[in-house]
Amino acid sequence: MGDFFTYMALCADGTLYTGWTTNLVRRIAAHNGAGCAGAKYTRMRRPVTLVFAERHDTKSEAMSREWHIKKMTRKEKMRLIGWE
């Protein structure tokens, strides 16, 4: 397996953020203000908590999965992470 991940993070306001990365620990830390500023969306919604991650073989697969998850409804996302 590759080192490409699609992930979802739960923001402090209850919303879900979806992204892709090569390093989950570093990316969640970035979302929470360590190092770079993280995504613009999460800056005002800290802290964020990792709630879902999938490993992919290629960057293309991770980005495609991110796109598909972003098209899901909240209910579908909650089902994906096992919260419904």
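Residues numbered from 1 in each chain as written. Predicted model: local features only at pLDDT ≥ 70, side-chain atom pairs only at ≥ 80, totals over all residues. Heavy atoms only, no water.

### Concerning the environment of Thr42
Okay, step 1: As for its position among the elements, Thr42 is in helix α2 (residues 40-43).
Okay, step 2: On a C-alpha basis, the gap between Thr42 and Val25 in space is 16 Å, while along the polypeptide they are 17 residues apart.
Okay, step 3: In contact with Thr42, other than residues within four places in its own chain, are Cys11, Tyr17, His31 and Val48. (Helix = DSSP H or I, 4+ residues; strand = E, 2+ residues; numbered from the N terminus. Contact = heavy atoms within 4.5 Å.)

### Overview of unusual backbone geometry
Among all residues save glycine, negative phi is the norm, and among peptide bonds the norm is trans.
Okay, step 1: Geometrically, the link from Arg46 to Pro47 is a cis peptide bond, its omega value of 0° lying close to zero.
Okay, step 2: Take Pro47: it is sitting in the loop between α2 and β3 (48-56).

### Focus: the pairing of strand β2 (residues 16-21)
Okay, step 1: Burial analysis of β2 places five of its six residues in the buried class, the great majority of the element.
Okay, step 2: As judged from the six bridges shared by strand β1 (residues 4-11) and β2, these two strands associate in the antiparallel manner. What sits directly across from Leu10, in β2, is Leu16. (Buried < 20%, exposed > 50% of the residue type's maximum accessible area, 1.4 Å probe, protein only. Pairing = 2+ DSSP bridges.)

### Examining the pairing of β1
Okay, step 1: Along β1, six of the eight residues are buried, which leaves the element largely enclosed by surrounding structure.
Okay, step 2: Strand direction decides the pairing type here: β1 and β3, joined by eight bridges, are antiparallel. When the bridges of β3 are listed, Phe5 appears paired with Arg55.
Okay, step 3: Connecting the antiparallel pair β1 and β2 is a turn made up of four residues, with Gly14 showing a positive phi of about 90°.

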